[in-house]
Structure formats: structure tokens, C-alpha cells
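Okay, here's what each chain looks like letter by letter:
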Amino acid sequence: MPRHAAPAADVIAAARAGDRDALEELSSRTLPLVYSVAARAHPYRDDVDDIVQETMMRILRGIGGLERPEAFRSWVITITVNEVRDHIRGRGRSETTGAAFDAAEHRPDPAADFAEGVLLDLRLSGQREESVRATRWLDEDDRELLSLWWLETAGRLARAELASALDMTGHQAAVRVQRMKERLHTSRVIVRALAARPACGELTRLTRDWNGAPSGLWRKRLGRHVRQCPRCVRHEDGMLAPEGLLAPLALLPVPAALLAWRPWLSAGTHAAAAGHAGTTATSGSAGSATAGTAGTAGTGLTAKAVVAAASALLAVGGGVLVHTAPWSSPSARPATAPTASGPAPAPSLTASASPSASPSASASPSRPAPVPGSAVSHPSPGPRYGSVVDTVDSAPPPNRPPAALPHRPQTTVTMTGLKKHLDGYQLVHRGDTVVLRGKGYFTVHWDVMYGLRPGLLTMPSWTGLRGRLFHVASGGGHRMDDRQPGAPAGGTWMGNRQQGLIVLPPGAQQMWQNEYYYLDGSVTLHLNETQADYNLDVLHSSWQETADDIARPPVPDSADRERYGLVRDTGRDDAPVPQYATRTTPTDAGTVPQRSAVS
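One structure accompanies this document, and this report is about it. (Residues numbered from 1 in each chain as written. Predicted model: local features only at pLDDT ≥ 70, side-chain atom pairs only at ≥ 80, totals over all residues. Heavy atoms only, no water.)

This paragraph deals with the pattern of salt bridges. Enumeration over the complete set of coordinates arrives at 19 salt bridges. Residue Arg430 is joined to Asp588 by a salt bridge in which the shortest nitrogen-to-oxygen separation is 3.2 Å. Of this pair, Arg430 sits in the loop between β3 (424-427) and β4 (433-448) while Asp588 sits in the segment after β11 (566-567), placing them 158 residues apart in sequence. We classify Arg430 as buried; its relative accessible area is 8%. Given the relative accessible area of 16%, Asp588 is considered buried. A salt bridge links Arg468 to Asp573; the shortest N-O distance between them is 2.6 Å. Pair noted here: Arg468 is in strand β6 (residues 461-479) and Asp573 is in the segment after β11, with a separation of 105 residues, a long-range link. For Asp573, a relative accessible area of 24% corresponds to the partly exposed category. One salt-bridge network, in which partners are shared between bridges, spans Asp393, Arg479, Asp481 and Arg568. (Salt bridge = Lys/Arg side-chain N within 4 Å of Asp/Glu carboxyl O. Helix = DSSP H or I, 4+ residues; strand = E, 2+ residues; numbered from the N terminus. Buried < 20%, exposed > 50% of the residue type's maximum accessible area, 1.4 Å probe, protein only.)

Moving on to the pairing of β6. Here β6 lies mainly inside the structure; 16 of its 19 residues are buried. In this sheet, strand β9 (residues 512-526) lies alongside β6 in antiparallel orientation, the contact comprising 13 bridges. Considered in β9, the bridge of Arg466 is made with Ser522. Sheet analysis places β6 next to β11, joined by two bridges and oriented antiparallel. Residue pairing for β11: Ser474 is matched across the bridge by Leu566. (Pairing = 2+ DSSP bridges.)

For the rest of this paragraph, the subject is the packing of aromatic side chains. When we look at a pair of aromatic rings, we describe it by the centre distance and by the angle of the planes. Applying the stated criterion to the full structure yields nine aromatic pairs. Judged by centre distance (5.5 Å) and plane angle (35 degrees), the ring pair of Trp137 and Trp210 falls under tilted. With Trp137 in the loop between α7 (126-134) and α8 (140-153) and Trp210 in the loop between α11 (201-206) and α12 (216-228), this pair connects stretches of sequence that are 73 residues apart. Using a relative accessible area of 18% as the deciding quantity, one classes Trp210 as buried. Summarising the aromatic geometry, the rings of Trp210 and Trp218 are spaced 6.1 Å apart at their centres and angled 40 degrees between planes, so their arrangement reads as tilted. Residues Trp210 and Trp218 agree in their burial class; the two are buried. Feature note: the residues Trp137, Trp210 and Trp218 constitute an aromatic cluster, connected by ring pairs. The side chain of Arg221 reaches across the aromatic face of Trp218, ending 4.8 Å from its centre. Here Arg408 stacks its cationic end above the ring of Phe470, 4.1 Å away from the centre of that ring. (Phe/Tyr/Trp six-rings, centres within 6.5 Å; stacked < 30°, edge-to-face > 60°. Lys NZ or Arg CZ within 6 Å of the ring centre and 35° of its normal.)

Spatial ordering of the open sheet is given by β5-β8-β7, a layout of three strands whose pairing is mixed. The two strands at the open ends of the sheet, each matched to only one other strand, are β5 (455-456) and β7 (495-496). The pairing of β5 with strand β8 (residues 500-503) spans two bridges and is parallel. Bridged to Leu456 within β8 is Val503.

To continue, consider the nonpolar core. Counting residues in each nonpolar core, the largest one holds 49 residues, and the members touching the most others are Leu436, Phe442, Val448 and Leu457. Breaking this core down by element, the ones donating at least two residues are β1 (413-417), β3, β4, β6, β9, β10 (534-540) and α18 (543-551). When residues in this core are grouped by element, the largest group, seven residues, is from β4. Excluding anything up to four places from it in sequence, Leu457 contacts Trp446, Val448, Ile502, Val503, Leu504, Pro505, Met511, Ala532 and Tyr534. (Core = buried A, V, L, I, M, F, W, Y, C linked by side-chain atoms within 4.5 Å. Contact = heavy atoms within 4.5 Å.)

Among the structural elements, Asp537 can be located in strand β10. Overall, Asp537 belongs to the buried group, its relative accessible area being 10%. Among the polar contacts listed, one links the side chain of Asp537 to the side chain of Gln426, at a separation of 3.0 Å. Residues in contact with Asp537, not counting those within four places in the same chain, are His421, Tyr425, Gln426, Thr443, Val444 and His445. (Polar contact = N/O pair within 3.5 Å; in protein donor to acceptor, adjacent residues only side chain to side chain.)

Rendered as C-alpha cells:
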């Protein structure tokens, strides 16, 4: 199980009964998430360890009141956020984060500043360092949101979990995230402008009365200047999107002392968990309220003790959790990974759909054509639906017309999503979805944003499939790895050396500009961004529109018409099923395996 995934339902059930091993597993899986949320949401770094202890106490003592195991992660995040808020209120800190950093400047240990500590611990540089410094300019509510969005960007949280922790709808969360990102962008420009040499004279005059402490008030004042100043506005040039810069920092290294000494795993915790078993948790906030008061005598671990113990453990080689890049996490890693001996084989068109399928369920590796005049024939049974996945193919010759597109019965496909676009919906951010229902054809139009955030692309996935879904054709005039007219030498629709390249996981099918599908039932399409940035337009289509697009010939010197399209549909159940498709509804759609599992 991925370390950032929720524990299994049977583990949660055992923990509710007070089982020590189950509580230990819950603690191990929950601690990195709790520590990262608390550390990024709280302005004082030296308070974080106490908050983590209190939060873990509340979680493990209140686990007996959690009625729905599937709500575990949302419940944990809600408790953590509430504990951070309570801790700030308890110490009388109602000022903004910037003012809190102002107070921290007068402390003898400047490393107490969270942002400075992150820079020191992770040895960041360039735009990533600049982005972390920019977080100091955000207000408390934005830092709280950033701590969750940071983890969502790296695939550690789902958008639904982020929204639940902040008691919002998905739409409200999307709006707040967008506004927070705009303020973070402004803060990054301010960081650049203040660091520029020679300095802008007008900016120097504007900051003459500034005490040097980042704050929301000064962010607004300086933000107006950098947006209007011809000299300062140029600092936006070459600025990469924050998703690709911050995602690799998703989980902070947990102090070794917290890993080695966990006072919340005490006998009292076991008894409290068992005593609460059978009670009902009505919500994440209620779970926090019923968890009881943490920090009982004999279990407290002060921040100074943590630092001292961590130093001692590190001196003798004590281990800490290491943060990983988002594409090396199970939620973004392709199911077929390369081995030491070479790249992984491409998925077979006739491979079994799931590990549980029997060998006899797979289609034959090859089906020889019948020999005319043969006295005896041995027909092979046709493959079941879902026993095949879309094999990785090479681009056909540009001037090869497509085969005839089989005509399947069609009525209407309805769509439900967040952002309307043309006659369908657009998926822009990680966690965006569109639900499709009915019988007929539709298009997925690809837009890879290599100029904003290049890198490894985490493929979209199809979940909750009911009925049948086929990948029937590819078109739009070009594959996304075709040369892009007017681009620098070697540039394709996947990027170029100057602006960056977007690459696919091993074994993933190279997409075309337009991918065509046929649905008879219902399914949900998810956008699973982690590192590379891309958008999907999900649009209505028909057999005729699909056939017309793929049959259009390439045009000499065209801006986008490089080749004919490609027919994939056989008209039968052995037509390809999209990769990353499943009938299940996982909490994190980014964990759907590359092989389809729809039988």
C-alpha cells in the first residue's frame, strides 16, 4: 500500500478495537501527512512538533468514533487543520502570518522561521527557493490552504479531501485555490523584485518605511507596484508554474525524534480507541471534538527535546523520511516500470485485463488467418470485453488513409463537470473530472502545456465504468510527438529543448491531438496532473464527425495537419479498451493501473 494512502478498512477496524499493531500502522501512515500539513500551515516552526503530538493523540484516541473508514484521511486532515487553528488562537496569535514572522525575527534562533528551515533542510535553489520564500508573504488562511494544495499537487491528497478539510464544496475550493495561487504568484514577483540588483529606485522609495517583515498589507502595496512598474513587471518572465516547483517537496522530512519516540502510542491510547469503538463520528470536525484532550502528563515532547534528540539520532545515522518527487510516488508511477536490464515491454493487446483473470480468459497471442482449402479449422474463441488493452503503436505513414470506421449504434452521451467548454467540459487542474453517460461517441482533445510545466506526464484515468468503453480512433491531424511547424529544431507538440519536454510513462500510448471513444454505459474521466501540465477538452462527437476528421488528408505546410487519422475500432468486443480504466472508484484516481481492468 502506498505510504500516503489511507490504511485498509480492516486495519482501521482493528485500531478502533485498540489493537496495538493496527494503531502502530495507523501512526506510521498518518504521521508524515500530519507533520507536513502542520509544518506548512503554522507560522512558527518550533511549535510544530507539539502540534503534531497533540494531533496524533486526538486521532488515535478518537479513532473509535470514526464510523466510515473511507473518510479516514479527510477526518485526519480536518483534525490537523483544527489543531493548528486552536494552537494559534491559544497563544493569542490573531495577527497575519507576516506579522508572526516579524515577531520571529527577534528570537535568537533565526532557523525557527519555517521557510528558512525548509531552505536549509532541503538545500533548495533557484525558482523553488524563491517560491518557498514567497510563502512568507501569504496570510494565515492562504498558508493553511497552501499546505493542503501543496500535497494535492503531488498526488498526496484528493481535491475532495482538501475541500472536506476546509468545509467547502469542490467548486468553492477550486475558486480559493485559484485566488491563493494568484497571491503566491504576486509574492514570487515581489521576492524577485526585492532581490534584483541594481534595485528599482521607485521600489526602494516605496519600502523606505518597511521593517522588512513580509505581511499581507505589504504584499498588496508592493504587488500594485510590481504589476504597474515597467521594470519590475519583467520579473514575471520565465517564471514556472508553482505545481512543478513545489510538488517534489510534498512530504517534509519528519524529525527523527518523532519517528523514534511516539508517546501517543501508549496504553491509554489503546484503551481510549477501544472505549470509543462503536460510537458515531458525524463529520471530520466532530471526530476532532470527540477525540478528547491530548497532551496528558508524561506524554508531552517539547520542541527543544525534539531538536536535541533529532540531532543525536542524526549524528549516529538515524533515519528520516525522505521526500520524493511526485512521479516516483505510487500514485503517479506507471504500472509497468523500466527494469535494470532495459525498458519495460509495452502492454500486450491480448494481455489479461487483471491479475485475477484466469489464463484461459486471455486472447490468443496471435490468430493465424484461415488457410484456404484447409480440411480442418480450429477457430479460437473471441476475446471477452476487457481482455485486451490498447497496445503501444508507432505512427502510421502520414499519407496512409485510415481503414473504414465501424458504425456502432448511437443515441446521446450526456456530460457533467465543473468547467463548461464549447459543447462539453474542460479539465484543467488535478482532480478535475467529467462524468459521461449514454450511448455514443465523444472526443478527448489534448493540450499539453510544456511551456508552463514540463516533465513526466501522469496519464488521465477512467473510473467507475458501467457498461463498455472503447478507444475507437485517433485524429486531429497529428500525433503529439509529431514535429510542430514553426517550432525550434526537434520541437514537437510535446515540447522542445528551449521550453522543456513533456514525456510519457513507459508503456503509455502516445496520444494524438484528438482521441475518439465510444461509450455504452457510464464512466468518469479524471485529470491526474502531478509534474507535467496538461488540459483535456471533452466534447460531444458522432460517428460521422469522427470518420470525417480521421479521413482528412495531410496538408502541405499546414500548421497542424500532419497525417491522416487512425482507426482502432474493430466493431467487436476485441476493440481496444482505454489504458488506465477500471470499474472501481478509488479515492486517488492517479493510482489506477496502466492495464485496464474492466472484465
